[in-house]
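Chain by chain, the residues:
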Amino acid sequence: MSCWNRRITALLAVLLICTLSACGQSQIPLDYGDETAFEADLNAGKNLVGKTVSFVAAELHPQSLYGYDIWAGEHLNFISSKNPDIEVGQTVTVKVTAVESVIGSWFIEYEKVDAAADENTIYAADVEDSDNADETEAPQPLEIADYGWYADPPHSGADTMCLHYCGMMHNPNETLVASYPKITVTISNPDGTVIATDSQMAFLHVMPEDTATIIGSMSVPLGRITNETMVSIHPSWDSFTSVNLKQVPRTTDFEIGNVTEQPGSQSFVTGTITNLTESTVDSVSLSMIMRKEDKIVFMEESYVGDLRPGTPAAFQFDRYSAWPEHDAVEFSAQAW
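Residues numbered from 1 in each chain as written. Predicted model: local features only at pLDDT ≥ 70, side-chain atom pairs only at ≥ 80, totals over all residues. Heavy atoms only, no water.

1. Let's talk about the overall build of the chain
Each helix and strand in the chain was counted, giving two helices and 23 strands. When each of the 336 residues of the chain is scored for burial, the buried share is 41%. Of all intrachain contacts in the chain linking residues separated by at least 6 positions in sequence, the fraction that spans at least 24 positions is 67%. Summed over all atoms, the accessible surface of the chain reaches about 18300 Å², with 50% contributed by carbon and sulfur. (Helix = DSSP H or I, 4+ residues; strand = E, 2+ residues; numbered from the N terminus. Buried < 20%, exposed > 50% of the residue type's maximum accessible area, 1.4 Å probe, protein only. Contact = heavy atoms within 4.5 Å. Areas by Shrake-Rupley, 256 points an atom, 1.4 Å probe, with all protein chains shown as cover.)

Take a look at the structure:
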């Protein structure tokens, strides 16, 4: 046999061995067969980086703040910097490269892979879904612990006025989180005539046994306003869930201090807010309420960002007129 023939024969043998070896290799195992099982273990505090999961793409949000966001499960956001080239309803299999919890939702970075289910694949039926309501606690509705409103004096000749309103929403449940809370304001007359209505949602959750303040404003037509006109405020929410409670700050996890009022041609209220948790909070909605003899006479909302643990951050409220006469100032901070 010639030298070239021997070389060709050896090369074919190597290729045959490589081909057989490849055929004998097993696929990447699929760790989670659906998004429900995957989310349950995330909520249970397990580290799932490096795990594989198949999920159904429920919604696609290409322009989200986090990148190309695929919604799945109750609070799952699969994030990519590029278009993953999938459609709503499609089942996607990925390997998790990073996980971050932000106010009760999970943001997951990933790479698409081929994985095969085996006897170790976990499905929803195999785990206790920690997103389900605690069976020992029947959900109780959110309550309006307090509310207030006032109207700006209408301009001369105006046919509308601006109504400012706020509601303090209390979650009486011991373990259940209220998702997407909002307050609805209705202006009506005793005969049932609705003059105006408005809804306001300011954040994603109200934590168990916590009270959060929502502030809003609306335009109200003056034509049918009478001395008997009523203002009613009601709470609503999307659902109650049980999430990893340690991941979500409560209003009591923020401390307000060094509050100072400075009157003048431009009035100021300044102070500091301190994050008492062990993690940085990206954004906080800070509400200021002024009262006179317990009646709410002024309200305003501001935002403070990048609150690092234990480090006071300055905040400021200001306006080009005097503050309404008041004898108390209250603050409420809610992670956004």
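2. Structural notes on the nonpolar core
Nonpolar side chains tend to gather and get buried jointly when the protein is soluble and globular. Counting residues in hydrophobic clusters, the biggest one holds 25 residues, and the most contacted among them are Phe254, Ile273 and Leu307. Looking at this core, the elements that each hand over two or more residues are strand 10 (160-170), strand 19 (267-275), strand 20 (281-292), strand 21 (295-307), strand 22 (313-319) and strand 23 (328-335). Contact partners of phenylalanine 254, with chain neighbours within four places excluded, come to Pro249, Ile273, Thr274, Asn275, Leu276, Val281, Val284, Leu307, Ala333 and Ala335. (Core = buried A, V, L, I, M, F, W, Y, C linked by side-chain atoms within 4.5 Å.)

3. Quick look at the sheet that holds strand 22
In spatial order, the strands read 18-19-22; together these three strands make up an open sheet with antiparallel pairing. For this open sheet the edge positions go to strand 18 (254-262) and strand 22, each flanked by a neighbour on one side alone. Across the sheet, the mean angle separating the axes of adjacent strands is 20° when strand polarity is ignored. Both strand 19 and strand 22 contribute to a ladder of seven bridges, which runs antiparallel. Across the sheet, serine 267 pairs through a bridge with arginine 319, a residue of strand 22. (Pairing = 2+ DSSP bridges. Axes fitted to C-alpha atoms, helices over the stretch in contact; angles between N-to-C directions.)

4. Focus: the side chain of aspartate 253
Residue placement: aspartate 253 occurs in the loop between strand 17 (239-241) and strand 18. One buried charge, aspartate 253, has no salt-bridge partner; the nearest side chain with opposite charge is arginine 250, at 5.3 Å. A polar contact of 2.8 Å, which involves the side chain of aspartate 253, links it to the backbone nitrogen of arginine 250. (Lys, Arg positive; Asp, Glu negative; His and termini not counted. Salt bridge = Lys/Arg side-chain N within 4 Å of Asp/Glu carboxyl O. Polar contact = N/O pair within 3.5 Å; in protein donor to acceptor, adjacent residues only side chain to side chain.)

5. So, the environment of lysine 82
Here lysine 82 shows up in the loop between strand 5 (76-80) and strand 6 (91-102). Note: C-alpha distance between lysine 82 and proline 62 (20 residues apart in sequence) is 8.9 Å.

6. Digging into the environment of leucine 176
As for its position among the elements, leucine 176 is in the loop between strand 10 and strand 11 (177-179). A residue is classified by how much of its surface remains accessible, and leucine 176, at 0% relative accessible area, is buried. Residues leucine 176 and serine 242, 66 residues apart in the sequence, show an inter-C-alpha distance of 5.1 Å.

7. A few points about helix 2 (residues 35-43)
Buried residues dominate helix 2, accounting for eight of its nine residues. Looking only at helix 2, the buried set comprises Glu35, Ala37, Phe38, Glu39, Ala40, Asp41, Leu42 and Asn43. Among the residues of helix 2, the N-terminal cap falls to aspartate 34, whose side-chain oxygen and the backbone nitrogen of threonine 36 are separated by 3.3 Å. The first or second residue beyond helix 2 is glycine 45, which carries a positive phi of 90°.

8. Description of the packing of aromatic side chains
The relation between two aromatic rings is expressed through the spacing of the ring centres and the mutual angle of the planes. If you walk through the whole model with that rule in mind, you get 11 aromatic pairs. Centroid distance tyrosine 66 to phenylalanine 107: 4.2 Å. Interplanar angle 35°. Geometry classified as tilted. Remark: phenylalanine 107 occurs in strand 7 (residues 105-112) and tyrosine 66 occurs in the loop between strand 3 (59-64) and strand 4 (67-72); sequence separation between them is 41 residues. On the accessibility criterion, tyrosine 66 (44% relative accessible area) is partly exposed. Ring centres 6.3 Å apart and planes at 40° place the aromatic pair phenylalanine 317 and phenylalanine 331 in the tilted group. One end of the pair, phenylalanine 317, is in strand 22; the other, phenylalanine 331, is in strand 23, and 14 residues separate them in sequence. On the basis of relative accessibility, which here comes to 21%, the residue phenylalanine 331 falls in the partly exposed class. (Phe/Tyr/Trp six-rings, centres within 6.5 Å; stacked < 30°, edge-to-face > 60°.)

9. What to know about the pairing of strand 18
Both strand 18 and strand 19 contribute to a ladder of seven bridges, which runs antiparallel. Counterpart to phenylalanine 254 in the pairing with strand 19 is asparagine 275. The loop that links strand 18 with its antiparallel partner strand 19 comprises four residues; one of these, glycine 264, has a positive phi angle of about 160°.

10. A word on the sheet that holds strand 9 (residues 143-151)
In space, the three strands of this open sheet follow the order 9-10-15, with antiparallel pairing throughout. Either end of the sheet is taken by a strand with one partner, and the two such strands are strand 9 and strand 15 (211-221). Put simply, the sheet's adjacent strands are angled 20° from each other on average, direction ignored. The pairing of strand 9 with strand 10 spans eight bridges and is classified as antiparallel. Along strand 10, the bridge assignment pairs isoleucine 144 with methionine 169.

None of the figures reported here should be taken as evidence of function without further support.
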